[in-house]
Amino acid sequence: MTPLRPSGAAAVPKLVERPAPRRKGSDKAPLYAALDLGTNSCRMLIARPDGAQFRIVDSFSKSVQLGVGLESSGKLSRASMARTVQAMRICKQKLKKHGVKRMKLVATEACRRAGNAQDFIRYIKRETGLSLDIIAPEEEARLAVISCAPLVSRKTEQLLVVDIGGGSTELVWIDLSQVEPNSRAQAIMALHQGFEFAGGARVVDWISVPLGVATLREQFSDVADDAACFALMSWFFEENLAPFAPYAEEQSREGFQIIGTSGTVTTVAASHLGLRRYDRSKVDGMRMTSDEIDAVIRDYLSMGPEGRRNDPRIGRDRHALIMSGSAILQALLRSWPTDRLSVADRGLREGLLYAQMSQDGVLEDVTYG
């Protein structure tokens, strides 16, 4: 499989609005929507601009398992397409209820790989009236990066953003050493226009590995032993990272930050905090040490499949995929010089919203306080 080329909780840096005669965004501001149809889930946000950020008005998330059987057949199954259309009908109802006019609805890795993807997109249009775009890996990676801009430390000179999806994993390495510390958020946000040099933030390298939590799990579904399966998945993912080498020389830990965005990362963080009920405010922006992450993964392994299935910290929708996601996470932390990971409960949908609002000029400029 060839990749595509192109702790403890820490306070999240506060976003401080520059003085302005009138605050952009209000209850009368237009609504925006972003929908991400991935290999495992269909997720949507509806929001309106609110100063330098946006305020969520409504949301939707459903596990549709669109990619089930794709690895062996090369096509989306009838059952998975039917599940997805049902979810899309709910999204259509929400969009109509709120009167949303400005929206970006995208599909990612499963639809990029499926031989019948275009037929499926037409099927969705016919059944729901919604038009989906199948986006390229570069755009998916770029949108994940800009969603994480508020979490970038002022001390960060080298940034690695990792988005672990259901069907693929995107990694983007950004050099911020030429950007003033107080301007790093704006420099990251400017990347919504493309991966070219923007505002001093330079994308050194990026990769889309066609392995996510669902596709990696399917690769090793015939391995019965839990621990052996985990070890094989982690090794296999690390092998697929070989083409991604933004810097040949060894990097210093100082000034280096990894931000991880995915259900896997937030679930591991919630498990570390012992949250029996997920709380985004406690997870988004926290930092975990590699030792803390390893302790959670060892705990997952000791539980076995049945224990993970019944663990409220993991959840029924995540238990079958948590070990493949953990294998990816472990491989990433072995590969780069850091002992901490910044946790982001944000990703493609948030990136789509930021990109639309930035393009329309409805967000205020932002600096770190």
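As the structure is a computational prediction, the values presented were derived from the model and not from experiment.

Conventions adopted
- Residues numbered from 1 in each chain as written.
- Predicted model: local features only at pLDDT ≥ 70, side-chain atom pairs only at ≥ 80, totals over all residues.
- Heavy atoms only, no water.
- Pairing = 2+ DSSP bridges.
- Helix = DSSP H or I, 4+ residues; strand = E, 2+ residues; numbered from the N terminus.
- Axes fitted to C-alpha atoms, helices over the stretch in contact; angles between N-to-C directions.
- Parallel < 35°, antiparallel > 145°, perpendicular 65-115°, else oblique.
- Left-handed = near helix turned anticlockwise from the far one by under 90°.
- Contact = heavy atoms within 4.5 Å.
- Nonpolar A, V, L, I, M, F, W, Y, C, P; charged D, E, K, R; others polar.
- Expected span 1.5 Å × (residues − 1).
- Buried < 20%, exposed > 50% of the residue type's maximum accessible area, 1.4 Å probe, protein only.
- 1 Å grid on protein atoms, 1.4 Å probe; cavity = no way out; pocket = protein on both sides within 12 Å on 5 of 7 lines; lining within 4 Å.
- Points joined across faces, edges and corners; volume = space filled by probe spheres on them.
- Polar contact = N/O pair within 3.5 Å; in protein donor to acceptor, adjacent residues only side chain to side chain.
- Patch = residues over 30% accessible without salt bridge, like charges linked within 9 Å, V, L, I, M, F, W, Y side chains within 5 Å.
- Areas by Shrake-Rupley, 256 points an atom, 1.4 Å probe, with all protein chains shown as cover.
- Salt bridge = Lys/Arg side-chain N within 4 Å of Asp/Glu carboxyl O.
- Lys, Arg positive; Asp, Glu negative; His and termini not counted.
- Charge placed at Lys NZ, Arg CZ, Asp CG, Glu CD.

Caption draft 1: How the structure looks around the sheet that holds strand S6 (residues 133–134). Reading across the sheet, the five strands line up as S4-S3-S2-S5-S6 and stay open at both edges, with mixed pairing between neighbours. Strands with a single pairing partner mark the edges of an open sheet, and in this sheet they are strand S4 (53–63) and S6. Strand direction decides the pairing type here: strand S3 (residues 41–50) and S4, joined by 10 bridges, are antiparallel. Residue pairing for S4: methionine 44 is matched across the bridge by phenylalanine 60.

Caption draft 2: Quick peek at the packing of helix H2 (residues 78–98) against helix H4 (residues 117–128). Relative orientation of the contacting elements H2 and H4 amounts to 45°, with a least axis distance of 10 Å. Taken as axis vectors, H2 and H4 run oblique relative to one another. As H2 packs across H4, the resulting crossing turns out to be right-handed. Within the contact between the two elements, H2 uses Met81, Thr84, Val85, Met88, Arg89 and Lys92 and H4 uses Phe120, Tyr123, Ile124, Glu127 and Thr128. Of the residues assigned to the contact of H2 with H4, the class counts are six nonpolar, two polar and three charged.

Caption draft 3: Summary view of the environment of leucine 37. With respect to the helices and strands, the residue leucine 37 is situated in strand S2 (residues 32–37). C-alpha of leucine 37 to C-alpha of cysteine 111: the two residues are 74 residues apart in sequence and 8.8 Å apart in space. The residues touching leucine 37, leaving out its near neighbours within four places in the chain, are Cys42, Val64, Leu66, Thr84, Val106, Ala107, Thr108, Phe120, Ile124 and Leu132.

Caption draft 4: Expanded view of the sheet that holds strand S8 (residues 169–175). Across the sheet, which stays open at both edges, the six strands sit in the order S9-S8-S7-S10-S12-S11 with mixed pairing between neighbours. A strand with exactly one partner marks an edge of an open sheet, and here the two such strands are strand S9 (202–209) and strand S11 (287–289). Put simply, the sheet's adjacent strands are angled 20° from each other on average, direction ignored. Here S8 runs beside S9; their pairing, made up of seven bridges, is antiparallel. Each residue of the ladder has a partner; that of threonine 169, found in S9, is valine 209. Across the sheet, helix H11 (residues 290–309) touches S11 and strand S12 (340–344), and the angle it forms with S11 is around 80°.

Caption draft 5: Region of the structure containing the packing of H11 against helix H12 (residues 322–335). For the pair H11 and H12, the least separation of the axes is 10 Å and the interaxial angle reads 155°. As the angle between them shows, H11 and H12 are arranged roughly antiparallel. Crossing hand, H11 versus H12: left-handed. Along the contact surface, H11 presents Ser290, Ile293, Asp294, Ile297, Tyr300, Leu301 and Arg308, while H12 presents Ile322, Met323, Ser326, Leu329, Gln330 and Leu333. Residue composition of the contact of H11 with H12, grouped by class: eight nonpolar, three polar and two charged.

Caption draft 6: Layout of helix H13 (residues 348–360). Between its first and last C-alpha, H13 extends 18 Å over 13 residues, near the 18 Å set by a 1.5 Å rise per residue. With 10 of its 13 residues buried, H13 lies for the most part within the structure. Taken together, the buried positions of H13 are Leu348, Arg349, Glu350, Gly351, Leu352, Leu353, Tyr354, Ala355, Gln356 and Met357. Along its buried surface, H13 packs onto S2, S3, S4, strand S5 (102–107), helix H5 (137–147) and helix H6 (184–189).

Caption draft 7: Representation of the layout of surface pockets. In this structure, the second largest pocket encloses a volume near 360 Å³. Around the second largest pocket, the lining comprises 16 residues; the ones closest to its centre are Arg217, Asp226, Pro305, Arg308 and Ala320. Sorting the residues of the lining of the second largest pocket by element identifies helix H8 (226–240), H11 and H12 as the ones contributing at least two each. Looking at which element gives the most residues to the lining of the second largest pocket, the answer is H8, with four residues. Residue composition of the lining of the second largest pocket, by class: nine nonpolar, three polar and four charged.

Caption draft 8: Expanded view of empty space enclosed by the protein. Each pocket or cavity is described by its volume, and for the largest cavity that value is around 40 Å³. Secondary-structure elements contributing two or more residues to the lining of the largest cavity are strand S10 (256–261) and H12. In terms of residues, the lining of the largest cavity owes the most to one element, H12, which gives three residues. Of the residues in the lining of the largest cavity, the class split is seven nonpolar, one polar and no charged.

Caption draft 9: Structural detail: the side chain of threonine 128. Summarising the element assignment, threonine 128 is placed in helix H4. Side-chain polar atoms of threonine 128 contact the backbone oxygen of isoleucine 124, separated by 2.7 Å. Separated by 3.1 Å, the side chain of threonine 128 and the backbone nitrogen of leucine 130 make a polar contact. Excluding its chain neighbours within four sequence positions, the residues that come into contact with threonine 128 are Val85, Met88, Arg89 and Lys92.

Caption draft 10: View of unusual backbone geometry. Its identity as a non-glycine residue notwithstanding, glutamine 65 has a phi of 50°, on the positive side. Among the structural elements, glutamine 65 can be located in the loop between S4 and helix H1 (70–73). For glutamine 65, a relative accessible area of 37% translates into the label partly exposed.

Caption draft 11: Summary view of a positive patch on the surface. The grouping of Lys92, Lys96, Lys101 and Lys125 at the surface amounts to a positive patch. When you line up the elements, lysine 101 lands in the loop between H2 and S5.

Function cannot be read off these values alone, since they describe shape.
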